[in-house]
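Given next are the chains, with one letter for each unit.
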Amino acid sequence: MYRLAEAERQVNYARERVEQLTFELDDSEKQRTAQTTNLQIEREWREALQGQIVNHEEKKLKLREQVNKLQIIESELFDIQQERDRLRETNLEQEITIQDLAGHLGQSKQEIGEIKETVKTVVGTKWEQDKAVTECIQCAKSFNISRRKHHCRNCGQIFCNSCSDNVMPLASSAKPVRVCDNCHNTLLQRFSANTNT
C-alpha cells in the first residue's frame, strides 16, 4: 500500500514536472519565434538601409557628373563672354573708325566741291550776253531804263538789281563782288559748313 502511494506521488510529481517543462518549452519556443522575427525585421531593415545607401551613392555620382558638366558649361560661358566683349570692343573701334572715315569723306567731298567751284571761278564762268537776255532770270521782270542788267560774278547769269544786290568775296576777285541770291545762299551755306567743321 505504501509503495502504491509512493508510486502515485512520483507519478504526480512527474506529471507536474512534465507540465512545467512543457510550459518552459512553450515559453522558450515563443522567445525563439520572437527573436527570429526580430532578426528577420533587423535583416530586412539592414537590407533596406543598404538599398538606400546604394541609391544615395548613385544619386551622389549623378550629382557629381552634373556638377562637372555645369563647371564645363560655366567655363565655356566665360570664354563666350570674353569673346563677346572682345568683339564688342572691336565693333566699337570699327564704328569709331567708320565715323572718322565718314567725317574725312564728307570733308574731302566738300573740299573737292570747293576746288571745283574755285577752278570754275578761276577758269571763268560763261557770261550771258546782254543782248540775249531781256528779263531777270530769277524774278522774270523785263529789263528797261529803270531796271538795269547786272551779272552775277559767280555764275555769270544776268539778274536785276533786286535779285543780285549781294556782295561776297570770291576766289577770282581780290575784293567782294556782286552775286545773285542763289549763289549768295549757296556760298553762305558752304562758309557755314566750313566754320562748323
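Residues numbered from 1 in each chain as written. Predicted model: local features only at pLDDT ≥ 70, side-chain atom pairs only at ≥ 80, totals over all residues. Heavy atoms only, no water.

Topic: the nonpolar core
Among the nonpolar cores identified, the biggest contains 16 residues, and Cys 152, Phe 159 and Val 179 are the most heavily contacted of them. For this core, the secondary-structure elements that each account for two or more residues are strand S2 (158-159), strand S4 (177-179) and helix H2 (181-196). Once residues within four sequence positions are removed from consideration, Phe 159 is found in contact with Cys 136, Ile 137, Gln 138, Phe 143, Arg 148, Lys 149, His 150, Cys 152, Ser 164 and Cys 180. (Core = buried A, V, L, I, M, F, W, Y, C linked by side-chain atoms within 4.5 Å. Buried < 20%, exposed > 50% of the residue type's maximum accessible area, 1.4 Å probe, protein only. Helix = DSSP H or I, 4+ residues; strand = E, 2+ residues; numbered from the N terminus. Contact = heavy atoms within 4.5 Å.)

Remarks on the confidence of the model for the protein
Taken residue by residue, the protein gives an average pLDDT of 85. The fraction at 70 or more is 89%. The weakest mean pLDDT in the protein belongs to H2 at 81; the strongest belongs to S2 at 95. (pLDDT = per-residue confidence, 0-100.)

A short note on the pattern of salt bridges
Going through the model one piece at a time under the given rule, you end up with five salt bridges. Across the pair Lys 60 and Glu 57 runs a salt bridge, and its minimum N-O distance is 3.4 Å. Here Lys 60 pairs with Glu 57, and both are found in helix H1 (residues 2-123), just three residues apart, close to one helical turn. Judged by relative accessible area, which is 40%, Lys 60 ranks as partly exposed. When the shortest N-O distance is used, the salt bridge between Asp 85 and Arg 84 registers 3.2 Å. Its relative accessible area of 42% is what places Arg 84 among the partly exposed residues. (Salt bridge = Lys/Arg side-chain N within 4 Å of Asp/Glu carboxyl O.)

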